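Listed here are the chains, written in short residue letters.
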Amino acid sequence: MSTITGVADDAAVPKDGDVSPAGGRPRWELAATTALLIATAVVYLWGLGGAGWGNGYYAAAVQSGTQSWKALLFASLDPQNSITVDKPPAALWVMALSGRIFGFNAWSMFVPQALMGVASVALLIAAVRRWAGPTAGLIAGAALAVTPVAAMMFRFNNPDALMVLLLVAAAYCTVRSIDAPGQRFWSSGTGWLVGAGVLMGFGFLAKMMQAFLVLPGLALVVLVAGAGGWLTRVTRLASAGVALVLSAGWYVALVELWPASSRPFIGGSTSNSLWELAVDYNGLGRILGNHNGGGGGPRTMPSTLPTPSAAPTPSAAPNPSALPTPGGYPDPSQMRGGFGGFGSQPGITRLFSGELATEFSWLLPAALIALIAGLWLTRRQPRTDRVRAGLLLWGGWLLVTGIVLSYMSRSFHSYYSMELVPALAAVLGIGATQLWQRRTHLAARVTLAVLALATGIWSFVLLHRTPEWLPWLRWTLMALAVVTAATLLIAPKLPRYTLAIGVFALLAGLLGPTAYTLETVAGVHQGGSPIAGPARSQRGGPGQNAGGPSQYGGGQRGGVADPQIVSLVDGSDARWAAAAIGAQDVATLELTTGKALLAIGGFSGRDPSPTLAQFQQYVADHQIGYLLIRPRQGNEPGGASNQGQPNNSQPGGNAHAGGGHQPRQDQNGQQPGGQQSGGQQPSGQGSESNGSTGAEITAWVKANYPVTMVGSVEVYNLNP
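None of these values were measured; they are calculated from a predicted model.

### Brief notes about the overall build of the protein chain
Here is step 1 of the chain: When helices and strands are tallied, the protein chain shows 23 helices and nine strands.
Here is step 2 of the chain: The proportion of buried residues among the 720 residues of the protein chain is 62%.
Here is step 3 of the chain: Of all intrachain contacts in the protein chain linking residues separated by at least 6 positions in sequence, the fraction that spans at least 24 positions is 75%.
Here is step 4 of the chain: Put simply, the protein chain shows about 24,900 Å² of open surface, and 64% of that area lies on carbon and sulfur atoms.

### Topic: a nonpolar patch on the surface
Here is step 1 of the chain: Taken together, the side chains of Leu 442, Val 446, Val 450, Leu 489, Ile 490, Leu 494 and Tyr 497 present a nonpolar region at the surface, about 580 Å² in accessible area.
Here is step 2 of the chain: In terms of residue count, the dominant contributor to the nonpolar patch is helix H17 (residues 442–464) (three residues).
Here is step 3 of the chain: By the secondary structure assignment, Tyr 497 is in the loop between helix H18 (471–489) and helix H19 (498–522).

### Description of the nonpolar core
Here is step 1 of the chain: Within the largest apolar cluster, 168 residues are counted, with the highest numbers of intra-cluster contacts made by Leu 77, Leu 124, Val 128, Phe 360, Trp 394, Trp 397 and Leu 628.
Here is step 2 of the chain: Here the element with the most residues in this core is helix H8 (residues 160–179); it accounts for 14 residues.
Here is step 3 of the chain: Once residues lying within four places of it in the same chain are set aside, the contact partners of Leu 628 are Ile 565, Val 569, Ala 578, Ala 579, Ala 580, Ile 581, Leu 589, Val 713, Glu 714 and Val 715.

### A closer look at unusual backbone geometry
Here is step 1 of the chain: The omega torsion across Ser 609 and Pro 610 is -10°, close enough to zero to call that bond cis.
Here is step 2 of the chain: Relative to the assigned elements, Pro 610 resides in the loop between strand S4 (597–600) and helix H22 (612–620).
Here is step 3 of the chain: Phi angles above zero are rare outside glycine, and Met 208 is one such case at about 55°.
Here is step 4 of the chain: With respect to the element layout, Met 208 can be found in the loop between helix H9 (188–207) and helix H10 (215–225).
Here is step 5 of the chain: The phi torsion at Asn 272 lies on the positive side, around 60°, for a residue other than glycine.
Here is step 6 of the chain: We classify Asn 272 as buried; its relative accessible area is 15%.

### Comments concerning the sheet that holds strand S8 (residues 707–710)
Here is step 1 of the chain: If you walk across this open sheet you meet the five strands as S4-S3-S5-S9-S8, and the pairing is mixed. Looking at the sheet topology across the chains shown, the edges are occupied by S4 and S8. If you compare each strand with its neighbour and ignore which way they point, the axes differ by 30° on average.

### Focus on the packing of helix H5 (residues 106–132) against H8
When two helices pack together, their arrangement is captured by the angle between the axes and the distance separating the axes.
Here is step 1 of the chain: Across the interface, H5 lies against H8 with an axial gap of 9 Å and an inter-helix angle of 20°. In terms of orientation, H5 lies roughly parallel with respect to H8. As for the relative orientation of H5 and H8, their crossing is left-handed in sense. For the pair formed by H5 and H8, the contact residues are Gln 113, Met 116, Ala 119, Ser 120, Leu 123, Leu 124, Ala 126, Ala 127, Arg 130 and Trp 131 on the first element and Ala 161, Leu 162, Val 164, Leu 165, Val 168, Ala 169, Tyr 172, Val 175, Arg 176, Ile 178 and Asp 179 on the second.

### Digging into the packing of aromatic side chains
Here is step 1 of the chain: As enumerated under the stated definition, the model contains 20 aromatic pairs in all.
Here is step 2 of the chain: The interplanar angle of 85° and the centroid separation of 6.3 Å between the aromatic rings of Phe 615 and Trp 700 together place this pair among those described as edge-to-face. Here Trp 700 lies in helix H23 (residues 693–704) and Phe 615 lies in helix H22, a separation of 85 residues in the sequence.
Here is step 3 of the chain: In this structure an aromatic cluster arises from ring pairing among Tyr 57, Tyr 58 and Phe 603.
Here is step 4 of the chain: Taking NZ or CZ as reference, Arg 233 lies 4.8 Å from the ring centre of Trp 230, over its face.
Here is step 5 of the chain: Between Arg 379 and the ring centre of Trp 376, over which it is positioned, the NZ or CZ distance is 3.7 Å.

The rules behind the values
Residues numbered from 1 in each chain as written. Predicted model: local features only at pLDDT ≥ 70, side-chain atom pairs only at ≥ 80, totals over all residues. Heavy atoms only, no water. Helix = DSSP H or I, 4+ residues; strand = E, 2+ residues; numbered from the N terminus. Buried < 20%, exposed > 50% of the residue type's maximum accessible area, 1.4 Å probe, protein only. Contact = heavy atoms within 4.5 Å. Areas by Shrake-Rupley, 256 points an atom, 1.4 Å probe, with all protein chains shown as cover. Patch = residues over 30% accessible without salt bridge, like charges linked within 9 Å, V, L, I, M, F, W, Y side chains within 5 Å. Salt bridge = Lys/Arg side-chain N within 4 Å of Asp/Glu carboxyl O. Core = buried A, V, L, I, M, F, W, Y, C linked by side-chain atoms within 4.5 Å. Pairing = 2+ DSSP bridges. Axes fitted to C-alpha atoms, helices over the stretch in contact; angles between N-to-C directions. Parallel < 35°, antiparallel > 145°, perpendicular 65-115°, else oblique. Left-handed = near helix turned anticlockwise from the far one by under 90°. Phe/Tyr/Trp six-rings, centres within 6.5 Å; stacked < 30°, edge-to-face > 60°. Lys NZ or Arg CZ within 6 Å of the ring centre and 35° of its normal.

Structure, rendered in structure tokens:
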């Protein structure tokens, strides 16, 4: 009886024509790759014109970038450059430039994101193929394309799409560096690695330090499998590090050296510093749970926002009397998002828990098994073995990123798992292909059967979490997994059906995530924490509803999108047509009217910008039209029961406990005001934001200007 080893007997390894990247391309490869990319493009581009504004916080910044070049450079929330969003600008650059070329609308904003998804799939196929063959590459590309969180975020306007594209491109350059001829420092291998460093640097400009989670995997494969001696490999890595610092640092230096008086305040920071935003709020503060930034990610945008097809462009403000009716908005039953998506408690099981698991982990058990099996199969191979190098690269990416996300103690979102998907897909493709090539060995067939059963069982578990959606599907997948496992075990006895068995096993494994992805694409995603999969009308956790008109701040409930408010803002000729505490109402009105509004305190209303003195000077110079104060709704922090009472304490409790009302969190896992759930919280945005400049400004305005009620909104005319 033969045994499966890292150095397998050549006679025992089937010659599928795709083991060696240097062996030429099989005839079917181009057709299969083209078909996969076309299918990915169709799914990712489908229905984008009716997708609303997605994350309205970033959509408003994109619109501002189409109106002002300075706003484009700094990612300002408003075209008059009062404050930036709380992320770096690279992703917004792409969307805003598209808007400048094609006009600002949903298509011009979302299509670049979708094309980034297609490019990510293509680059992943190319990278995996070079070391593990075309079959492994296609499996990896297909797994990435059909993972729900990837399909969702490549159709959304968060920065994650660009970050993932840049990271996959950096991995591809790393692969090319190791494959490049020449063992000296001055060779093409160094050039490719420097290119990877540049791409990583721009990944920082897309999502800051989250992009760096993949660095250990990339560095490990260069040190282990790179050409040349230790000195050459270390020197090449150092060169890539220099390239990374320069490609990311130029923008940090630009912002820090630019006179603060002539640029917007850096949202999310307390000291108007991009470096603080990167290292604290968007860096170690998220992992260690001790960041002090006052900003936050985007809050759910009101459901009364016009759809892009009906909404005004910056060059054509609407006639308030012609505002769309509720029937013109996305179907509320199909809206997924809001402030769910915060995952579960930190720990090793987080990635398998709650809705986070349904976002990305359909193939995670199979990928982990494939990684272990692949490393065992290649354990006796030489240092530079390409298959093992691929497992080290993608496995290092998967494990390090997964551990960090599992134990991130603050500001965690389920869609962060998107960063895991390329590595998960690559590891699965490489490991499964290596096992399939050795299918004449009983151990390989048993492992493949275990892969199939693990995928079927885990899909059953995930689908059981949404039992009302396609209840028959989980049983079908379980049955298919059993049939697949049995067929794989007897595959050598059915040589005429070898190809059919392989294709059947692949399709059965991908059916679960594909169904979830198609359901994801069919829905409309809004707000700061979009959620993949079928809409949920009830969710056990903070803010975990399906979104839609029940979200606070909308015109249907007397909010700032009320036609009278829109008319007032649209008629103002001031530099800032109006001001409001926090970014939610500002973004709503900017997208509705095309006007610039001043977000006092940035996203959450807690950033120290503008100061009371600055605000008073703006008013004295007639630069602000109105101050809008919207009382909080009952489902906002400190809701209807205590409106107008600053610094109201809320019950603590576990933000992840099932059932019952929990305090709503912002995009960063915080309750508004910068505190984690489970503690005392001040008033939220839309009111006086106690303890901040927003509270001071509100008190000053109330003491000096009369109020006019428009619906439930307090309107103060600052420029009578």
